[in-house]
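Inside the fold
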Amino acid sequence: MLDRGPRSYRENVVTLQHAQKSGAGVPAYMRWVNRWLGRRIAAAAAVVGLTPNGVTAISALCSLAGLVLLVVAEPGIGTGIAVALLLALGFACDSADGQLARLTGAGGPAGEWMDHVVDAIRTPLTHIAVAVALVVHRPELIWLAGVALAYAVVAAGQFMSQILAEQLVRQRGGEDPEPSGVRKSIALIPTDTGTLCWSFALWGAPVLFVPVYLLLFAVNAVYAAVSMRRKYRKLRAL
C-alpha cells in the first residue's frame, strides 16, 4: 500500500511510476501505452476522490458504450473511430483501477473480484457484439459473425486460463519472475487487448477490418492453444 495522505496529480504520477507491475510477458501496448494512460487516470482519480471500484465501473461503462454504439450505429469511419476510442478508454481505466488501489491503499479482495468479473464479461462480449453488428448491418459478411463467436470462445477460455493459472501458482508459493522480454512484448502485439480496441477504427472499411480481424483471431487462437498447453505442463509439474 502506498497511501501517505493527499497528494497532487503530479505527485501521484511520480509515486505510481515507482510502483508498477513487472512488464515481463506483457504485450507492448498494455506495457508501454495502457499502463501509462492508466497511471494518469489513477493519479487524477485520486485527486478527485474516486474509488478503485468507481474507476472499474467507469471502465465497464466506457466499454459497454462502445459496444452498444457498434451494434446500433450505421457502420462508418466516424462510428469506428468512436468505438475504438471508447473501448481504448475502457481498457485504460481497467489499468487505472488497480493502480489507484495501490496508490490509495483502498484495494481488497472485493475490488479485485469486481475487476475480474468485469473483464470476464467484457472479453467475450466484445466479439459477441461484433457478431450481432455484422448480422444487423452487414449481412453479406454473415460468415464473419461465426468467426467472431469462435473468437469469443477463444478469448474467454484464454482469460480464464490466465487468471486461474496465476491463482493456482500463487497458492503454491509463486514462481520465478520472467525476464523483461522486450522482444516478447513486441511479438505479443496481436494478442494485446489494445490492438483489438484500435482495430475497430477500421470498422467503416470492411476491406481493411475483415483481414485484420481474421489475423487477430488466427494469432490469438494459436497463442491460446500454446499458452494453455504451457500452463497445464507447469501446473502439472507443481
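A brief structural summary. Numbering of residues starts from 1 in each chain and follows the order in which that chain's sequence is written. In keeping with the model being predicted, local features are shown solely for residues with a pLDDT of at least 70 and side-chain atom pairs are shown and tallied solely at 80 or more, while totals for entire chains, interfaces and linings include all residues. Each side-chain value is worked out from all heavy atoms of the structure, with water and hydrogens disregarded.

**Some thoughts on the overall build of the chain**
Here is the rule we go by: The way it works is that DSSP assigns letters per residue, a run of H or I at least four long becomes a helix, a run of E at least two long becomes a strand, and they are numbered from the N terminus. Partly exposed residues are those whose accessible area sits between 20% and 50% of the maximum for their type, while under 20% is buried and over 50% is exposed, using a 1.4 Å probe and protein chains only.
Scanning the chain for helices and strands turns up nine helices and zero strands. Along the chain direction, N to C, the helices and strands of the chain fall in the order α-α-α-α-α-α-α-α-α. Overall, the C-alpha framework of the chain stretches about 55 × 45 × 30 Å when taken along its three principal axes. A burial count over the chain gives 41% of its 238 residues as buried.

**Quick notes on the nonpolar core**
Definition in use: Among buried residues, the Ala, Val, Leu, Ile, Met, Phe, Trp, Tyr and Cys ones that are joined through side-chain atoms within 4.5 Å form a nonpolar core. Note on contacts: a residue pair is in contact if any heavy atoms of the two residues lie within 4.5 Å.
In this structure, Leu70, Val130, Leu134, Leu144, Phe200 and Tyr213 are the most contacted members of the largest nonpolar core, which totals 27 residues. Broken down by secondary-structure element, the contributors of at least two residues to this core are α3 (52–72), α4 (77–104), α5 (109–137), α6 (142–171), α8 (193–199) and α9 (206–237). In this view, Val130 contacts Leu70, Ala148, Phe200 and Tyr213; residues no more than four positions away in its chain are not counted. Counting residues in hydrophobic clusters, the runner-up holds eight residues, among them Leu16, Ala42, Cys93 and Leu100.

**What about the packing of aromatic side chains?**
Heads up, the rule is: By convention, a stacked pair of Phe, Tyr or Trp rings (six-membered ring in the case of Trp) has centres within 6.5 Å and planes under 30 degrees apart, an edge-to-face pair has planes over 60 apart, and any other such pair is tilted. Any Lys NZ or Arg CZ found within 6 Å of a ring centre and within 35 degrees of that ring's normal is scored as a charge over the ring.
Throughout the structure, instances matching the rule amount to six aromatic pairs. Geometrically, the ring pair formed by Tyr29 and Phe91 is stacked, given 6.3 Å between the ring centres and 15 degrees between the ring planes. Of this pair, Tyr29 sits in helix α2 (residues 28–48) while Phe91 sits in helix α4, and the two are 62 residues apart along the sequence. Each of the two residues, Tyr29 as well as Phe91, counts as buried. With a centroid separation of 5.6 Å and an interplanar angle of 55 degrees, the aromatic rings of Tyr151 and Phe217 are classed as tilted. Note that Tyr151 is positioned in helix α6 and Phe217 in helix α9, a separation of 66 residues in sequence. Feature note: the residues Tyr151, Phe200, Trp203, Phe209, Tyr213 and Phe217 constitute an aromatic cluster, connected by ring pairs. One residue, Arg138, lies across the ring of Trp203, its end atom 4.8 Å from the ring centre.

**A short note on the packing of helix α1 (residues 9–17) against α2**
The relative placement of two packed helices is expressed as an angle between their axes plus a distance between the axes. In plain terms, the rule: Comment: axis = line fitted to C-alpha atoms, over the contacting stretch for helices; angle = value between 0 and 180 degrees taken between N-to-C directions. Any angle from 65 to 115 degrees is called roughly perpendicular, while one under 35 is roughly parallel, one over 145 is roughly antiparallel, and all others are oblique. For any helix crossing, the convention is left-handed if the near helix is rotated counterclockwise from the far helix by under a right angle, and right-handed if that rotation is clockwise. When residues are sorted by character, Ala, Val, Leu, Ile, Met, Phe, Trp, Tyr, Cys and Pro go into the nonpolar class, Asp, Glu, Lys and Arg into the charged class, and all the rest, Gly among them, into the polar class.
Closest axis-to-axis distance for the α1/α2 pair is 8 Å, and the angle between their directions is 135 degrees. The angle between α1 and α2 falls in the class oblique. Handedness of the crossing formed by α1 with α2: right-handed. Counted together, Tyr9, Asn12, Val13, Leu16 and Gln17 of α1 and Arg39, Arg40, Ala42, Ala43, Ala44, Ala46 and Val47 of α2 form the full contact between these two elements. Its residues placed into classes, the contact of α1 with α2 shows eight nonpolar, two polar and two charged.

**A closer look at the packing of α6 against α9**
Contact geometry for α6 and α9: axes closest at 9 Å, N-to-C directions at 30 degrees. In terms of orientation, α6 and α9 fall into the roughly parallel class. Considering only the axes of α6 and α9, their crossing is left-handed. Of the residues belonging to the contact of α6 with α9, the class tally is 21 nonpolar, six polar and one charged.

**A few points about the state of the cysteines**
Where we set the bar: When the sulfur atoms of two cysteines come within 2.5 Å, that pair is taken as a disulfide.
Scanning the model with the defined rule gives zero disulfides in all. Left without a disulfide partner, Cys62 is nearest to the cysteine sulfur of Cys93, which lies 5.2 Å away. Overall, Cys62 belongs to the buried group, its relative accessible area being 12%.

Note that all results are geometric; they support no functional claim without further evidence.
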